[in-house]
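Chains, contacts and geometry: an overview
Here's the letter readout for the chains.
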Amino acid sequence: MPEKSNYSRRLFLKTSAMAALLAAIPSSVKAFYNDVKTFILPRKTVVPVKISVNKKSYELKSDSRTTLLDVLREDLNLTGTKKGCDHGQCGACTVHIDGERALSCLTLAVMVPGKEVTTIEGLADGEKLHPMQEAFIECDGFQCGYCTPGQIMSAVACVNEGHTNSVEEIKEFMSGNLCRCGAYNGIVQSIQKVAAR
């Protein structure tokens, strides 16, 4: 009988100690989180942003940390620019900023005021497709189509930059754009076709 009461006392002490420990953890974790949030994490700052996309001006309020890709897709409803890896490794989000290719997932929206942004939606002239868009159709430069907008934007830049002297050069300057379907031969042929015009 005495052993049973000792056992119960030990169990009671262990349980009480565990309950006290668990009760203390949430407050210390919360205090730590608030310290991190206050001193380490960047604070959300909403700023007015005026940008020009496809020759139209837009004024909006955006978090200073928002990427151009998110503004294009979520605020301006220009969903042709795709979100692939969101780390600047696949090229699906390629746009032109003042005529030069740029990865919109790595570009903050607050960096582009005063510059002209061109997306895949702004490449065509009304109903008339851009020659690169036509070439992609004719040469079967796409399969699933997900990477195609970024591929086309990079392909136009590749031609404009004059990097079409050989297949190897085209591949080198298009290497930042990945195609999971493997339509690379059609993409290279499309670029060669436009460059020959």
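Everything numeric in this text was worked out from a predicted model, so none of it was measured. (Residues numbered from 1 in each chain as written. Predicted model: local features only at pLDDT ≥ 70, side-chain atom pairs only at ≥ 80, totals over all residues. Heavy atoms only, no water.)

1. Section: the nonpolar core
Note that soluble globular proteins tend to have their nonpolar side chains buried in a common cluster. The cut-off we apply is this: Nonpolar core, defined: a set of buried Ala, Val, Leu, Ile, Met, Phe, Trp, Tyr and Cys residues in which side-chain atoms within 4.5 Å join the residues together. To sort residues, take the accessible area from a 1.4 Å probe on protein chains only and compare it with the maximum for the residue type: under 20% means buried, over 50% means exposed, and anything in between is partly exposed. Secondary structure counts use DSSP, requiring at least four H or I residues in a row for a helix and at least two E residues in a row for a strand, with both numbered from the N terminus. We call two residues in contact when some of their heavy atoms are within 4.5 Å.
Within the largest apolar cluster, 16 residues are counted, with the highest numbers of intra-cluster contacts made by L123, M132, F136, I152, A155, M174 and I191. Of all elements in the fold, only α3 (131–138), α4 (148–160) and α6 (184–195) reach the threshold of two or more residues within this core. With near-sequence residues (within four places) excluded, M132 lies in contact with I152, A155, V156, V159, S190, I191 and V194. V49, L76, L78 and A109 belong to the second-largest nonpolar core, a separate cluster that totals 15 residues.

2. Regarding the pattern of salt bridges
When the charged atoms of two side chains with opposite charge come close together, those side chains can pair. Convention followed: We count a salt bridge whenever a side-chain nitrogen from Lys or Arg sits within 4 Å of a carboxyl oxygen from Asp or Glu.
Taken as a whole, this structure holds five salt bridges when the rule is applied. The salt bridge involving D86 is made with K83; its shortest N-O contact spans 3.8 Å. R101 serves as the salt-bridge partner of E161, at 2.9 Å between the closest nitrogen and oxygen. Note that E161 is positioned in the loop between α4 and α5 (167–173) and R101 in strand β4 (residues 100–103), a separation of 60 residues in sequence. Judged by its relative accessible area of 36%, E161 is partly exposed. Members of the salt-bridge network, linked through shared partners, are D70, K83 and D86.

3. Some remarks on the packing of α3 against α6
A pair of packed helices can be characterised by two numbers: the angle between their axes and the separation between those axes. Rules: Inter-axis angles, ranging from 0 to 180 degrees, are taken between N-to-C directions of lines fitted to C-alpha atoms, where helices are fitted over the stretch in contact. For this classification, under 35 degrees means roughly parallel, over 145 means roughly antiparallel, 65 to 115 means roughly perpendicular, and everything else is oblique. Left-handed describes a crossing whose near helix is turned anticlockwise from the far helix through less than a right angle; right-handed describes the clockwise counterpart.
Across the interface, α3 lies against α6 with an axial gap of 8 Å and an inter-helix angle of 135°. When the axis of α3 is compared with that of α6, the two are oblique. Seen from above, α3 lies across α6 with right-handed handedness. Each of P131, M132, A135, F136 and E138 in α3 lies in contact with α6, whose residues at this interface are I187, S190, I191, K193 and V194.

4. Notes on the packing of α3 against α4
Heads up, the rule is: Just so you know the grouping, Ala, Val, Leu, Ile, Met, Phe, Trp, Tyr, Cys and Pro go in nonpolar, Asp, Glu, Lys and Arg go in charged, and all remaining residues, Gly too, go in polar.
The contact between α3 and α4 brings their axes to 10 Å, and the two run at 120°. Judged by the inter-axis angle, α3 sits oblique to α4. As α3 packs across α4, the resulting crossing turns out to be right-handed. Only T148, Q151, I152, A155, V156 and V159 of α4 make contact with α3, whose side of the interface consists of M132, Q133 and F136. Grouping the amino acids of the contact of α3 with α4 by side-chain chemistry returns six nonpolar, three polar and no charged.

5. Re the pairing of strand β3 (residues 94–97)
Rule in force here: At least two bridges found by DSSP between two strands are what make those strands a pair.
Side chains of β3 alternate between two faces, with T94 and H96 and V95 and I97 buried alike. The antiparallel pairing of β3 with β4 creates a hairpin that spans two residues between the two strands, and D98 there sits at a positive phi of about 50°. Relative to strand β5 (residues 116–118), β3 runs antiparallel, the two being bridged by two bridges. Paired with H96 across the bridge in β5 is T118.

6. Here's the deal with the sheet that holds strand β1 (residues 46–53)
As summarised here, the arrangement of the five strands in space is β2-β1-β5-β3-β4, forming an open sheet in which the pairing is mixed. Two strands close off the open sheet at either side, each with one partner strand: β2 (56–63) and β4. Strand after strand, the sheet turns through a mean of 40° between neighbouring axes, direction not considered. With four bridges joining them, β3 and β4 adopt antiparallel strand pairing. Following the sheet pairing, I97 is matched in β4 by E100. Across the sheet, α4 is in contact with β3, β4 and β5; its angle to β3 comes to roughly 40°.

Read these as layout, nothing more, since geometry by itself doesn't imply function.
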